[in-house]
Amino acid sequence: MEKYILDEARLKSVEENYKRVLSSVKEAAVKAGRDENSVRLMCVTKTVEPPYINRALELGADLIGENRVQEYLGKRDELKLDGVERHLIGHLQTNKVKQIAGEVDMIESVSSVKLAKEISKVCTAKGITASCLAEVNIGKEESKSGIYIEQLHETLCEIAELPGIKIKGLMTIPPICDEAQARRYFAEVRAAFDSIGSSISNVEMKILSMGMSGDYEAAIAEGSNIVRVGTAIFGARKYF
């Protein structure tokens, strides 16, 4: 007996949505004067059952993002992950670092020196180095974790001294706002990304993860090279 009751209409919808979003991402890159393959499409799999994720993977998706440690670990074995890059994109609690370190290819949500120190400690003990992005709280929202942009350079300098962790870029989620304001937020993070560049030893500014289902075109226009798309591919999230 199958664990999931497959919805064939939803499988078809995922297929159509994935192709449409991928085409839209490529078009937005070209419109921004960039190569159509310069922006990677991440399929965000929060609350999505494995059969629907696997349909996107069968179509060529090669990057997935999961928000929760336990959810990812619980469904990982049912996913067709050969050749697929896996990112943790949700808030990471320090007490969950041991469970996820080494189990994903990148942690996108390094939101504090405290968290970075825990990742460093766990990874050093495991003899590995975690590739990470620094999460920027661009709207200074109390409800969100992340580093304020004014503190970013100083914070990255501190993280850069830690073994077992390598910062490879920035991630941000702007406040809910209109497209014009979203572009201003994205532009501010892009400016920080450019200004830091390779100026801090052991820190690389290669990945700029900005934009989700509702604003990825604006993010691409401002320089994002990873967009994180869930509902526009898989439909509205199911909460159990």
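For every chain, the first residue of the written sequence is number 1, and numbering continues from 1 onward in sequence order. Residues qualify for local features only when their pLDDT is at least 70, as the model is predicted, and side-chain atom pairs are given and counted only at 80 or more; totals for whole chains, interfaces and linings, by contrast, use all residues. Computation of side-chain values covers all heavy atoms of the structure but excludes hydrogens and water.

Remarks on helix 1 (residues 8-31)
The condition is simple: Put simply, DSSP H or I for four residues or longer makes a helix, DSSP E for two residues or longer makes a strand, and each gets a number counted from the N terminus. Expected span of a helix, by definition, is 1.5 Å for each gap between consecutive residues, and there is one gap fewer than residues. Any residue under 20% of the maximum accessible area for its type is buried, any over 50% is exposed, and the rest in between are partly exposed; the area is computed with a 1.4 Å probe on protein chains only. Contacts are assigned to residue pairs with any non-hydrogen atoms lying within 4.5 Å of each other.
Helix length check: helix 1 (24 residues) gives 35 Å between terminal C-alpha atoms against 34 Å at 1.5 Å per residue, within 8%. Along helix 1, the positions that sit buried rather than exposed are Arg-10, Leu-11, Val-14, Glu-15, Asn-17, Tyr-18, Val-21, Ser-24, Val-25, Ala-28 and Ala-29. In the core, the buried residues of helix 1 are packed alongside strand 1 (40-44), helix 2 (50-58), helix 8 (216-221), strand 8 (226-229) and helix 9 (231-234). Two residues or fewer after helix 1 comes Gly-33, characterised by a positive phi angle close to 80°.

Observations concerning the layout of surface pockets
What counts here: Buriedness of a pocket was judged along seven lines, with at least five required to meet protein on both sides within 12 Å; pockets are open sets of points on a 1 Å grid over the protein atoms alone, cavities are sets where a 1.4 Å probe fits but cannot get out, and lining residues have an atom within 4 Å of a point. Grid points are joined across faces, edges and corners, and a volume is the space filled by probe spheres set on the points. Each residue is assigned to one class: nonpolar for Ala, Val, Leu, Ile, Met, Phe, Trp, Tyr, Cys and Pro, charged for Asp, Glu, Lys and Arg, and polar for all the others, Gly among them.
In this structure, the largest pocket occupies an estimated 600 Å³ of space. Lining the largest pocket are 26 residues, and of these Asn-67, Lys-144, Ile-173, Met-212 and Arg-228 sit closest to its centre. Tallied by class, the residues present in the lining of the largest pocket amount to 11 nonpolar, 9 polar and 6 charged.

Describing the packing of aromatic side chains
Given two aromatic rings, their pairing is described by the distance between the two centres and the angle made by the two planes. Stated formally: The criterion for an aromatic pair is that two Phe, Tyr or Trp rings (for Trp, the six-membered ring) have centres within 6.5 Å, with stacked assigned to planes under 30 degrees apart, edge-to-face to planes over 60 apart and tilted to the rest. Whether a charge sits over a ring comes down to the Lys NZ or Arg CZ being within 6 Å of the ring centre and within 35 degrees of the ring normal.
Counted by the stated rule, this structure contains 0 aromatic pairs. Residue placement shows Arg-10 over the ring face of Tyr-52; its charged tip is 4.2 Å from the ring centre.

Observations concerning the nonpolar core
We apply this condition: The set of buried Ala, Val, Leu, Ile, Met, Phe, Trp, Tyr and Cys residues whose side-chain atoms join them within 4.5 Å is what this entry labels a nonpolar core.
Counting residues in hydrophobic clusters, the biggest one holds 72 residues, and the most contacted among them are Leu-92, Ile-119, Leu-152, Leu-156, Leu-170 and Ile-233. Apart from the residues lying within four places of it in its own chain, the contact partners of Leu-156 are Ala-134, Ile-167, Ile-196, Ile-200, Val-203 and Met-205. The next biggest cluster of nonpolar side chains, apart from the first, holds 9 residues, and it includes Val-44, Leu-63, Leu-133 and Met-171.

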